[in-house]
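Structural overview for review
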Amino acid sequence: MARVVSIGAQGFEELRTRNNFYVDKTAFIADWWQSDDSVTLITRPRRFGKTLMLDTVRCFFSTEFAERGEELFGGLAVWDDPEMRQLQGAVPVVSLSFSKVKTATVDETLILIKRILRIEVRNHKYLFDSPAVEESTRDFLASVADDMDTMTAIDAVPQLCQALEAHWGRKPIVLLDEYDTPMQAAWLGGFWDELSIFMRTFMDSSFKTNPALDRALMSGITRISRESIFSGLNNLEVCGVLDEKYQTAFGF
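Now for a quick tour of the structure. (Residues numbered from 1 in each chain as written. Predicted model: local features only at pLDDT ≥ 70, side-chain atom pairs only at ≥ 80, totals over all residues. Heavy atoms only, no water.)

**Quick notes on the nonpolar core**
Membership of the largest hydrophobic core comes to 43 residues, with the highest contact counts inside it found for Leu117, Leu195, Phe198, Phe207 and Met218. If one sorts the elements of this core by residue count, helix H8 (residues 150-168) sits on top with 8 residues. When residues no more than four places from it in sequence are discounted, the contact partners of Phe198 are Leu110, Ile113, Thr150, Ala153 and Ile154. Core analysis: the next-biggest nonpolar cluster, separate from the first, contains 33 residues, Tyr22, Phe28, Leu87 and Cys239 among them. (Core = buried A, V, L, I, M, F, W, Y, C linked by side-chain atoms within 4.5 Å. Buried < 20%, exposed > 50% of the residue type's maximum accessible area, 1.4 Å probe, protein only. Helix = DSSP H or I, 4+ residues; strand = E, 2+ residues; numbered from the N terminus. Contact = heavy atoms within 4.5 Å.)

**Overview of the pairing of strand S3 (residues 173-177)**
The buried fraction of S3 amounts to 5 of the 5 residues, a majority that puts the element mostly inside the structure. Here S3 shows a buried face lined by Ile173, Leu175 and Asp177 and a second buried face lined by Val174 and Leu176. Here strand S2 (residues 93-97) pairs with S3 via 5 bridges, running parallel. Across the sheet, Leu96 pairs through a bridge with Leu176, a residue of S3. Inspection of the sheet shows S3 paired to strand S4 (residues 215-220) by 4 bridges, in the parallel sense. Residue pairing in the sheet places Leu175 in a bridge with Leu217 of S4. (Pairing = 2+ DSSP bridges.)

Printed below as a string of structure tokens:
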């Protein structure tokens, strides 16, 4: 039976298990991993496959998909690399998306971001009972909630990474899709200055001064200037649509 082109599908697992038509872009996974960059930002216009690529990376590395390598990646470029096969399903992953953070006020924006952080922490709720994780860290993760204070939200990703490293014995990868959506809404809504203070501190805490981070991959439409939310991220590798690096990994 001929494969069907699924319009709008952004989940790699769904595309593969339903045998939908898929253009193999998985060589990016090996290229990105072997580049050994600390934090990579991919900027592309909409509909270039950024969300699908980050989900593909999640499905490849995450311990959630251990023992499913052949099922999901058999016949694809990354699966032809014996060294990369050893990493499939072997790395803890923190996966976040700010795609729905399109609000009219800074308070509404922070509520949604805190909710996203709470959901991701709960996706790893096994850490709450892990004897390998320090009690103070488990208590902190339990305090991550929709109504947590701003400082707790800022420290949520580093604390989650610390717990994942303790439990799995290796530092995690952090994925952040559509990092710039809240800032676009803030610019249009007139609360840029208020939100940029939080975002600058959140980015620095999660991606720069996070000792439990292996590496990170972010995507967005635009590159927000280093002088704003990226002021502390001097370890950022930015790959835009005009850059040769990863040029064939997005779009047709």
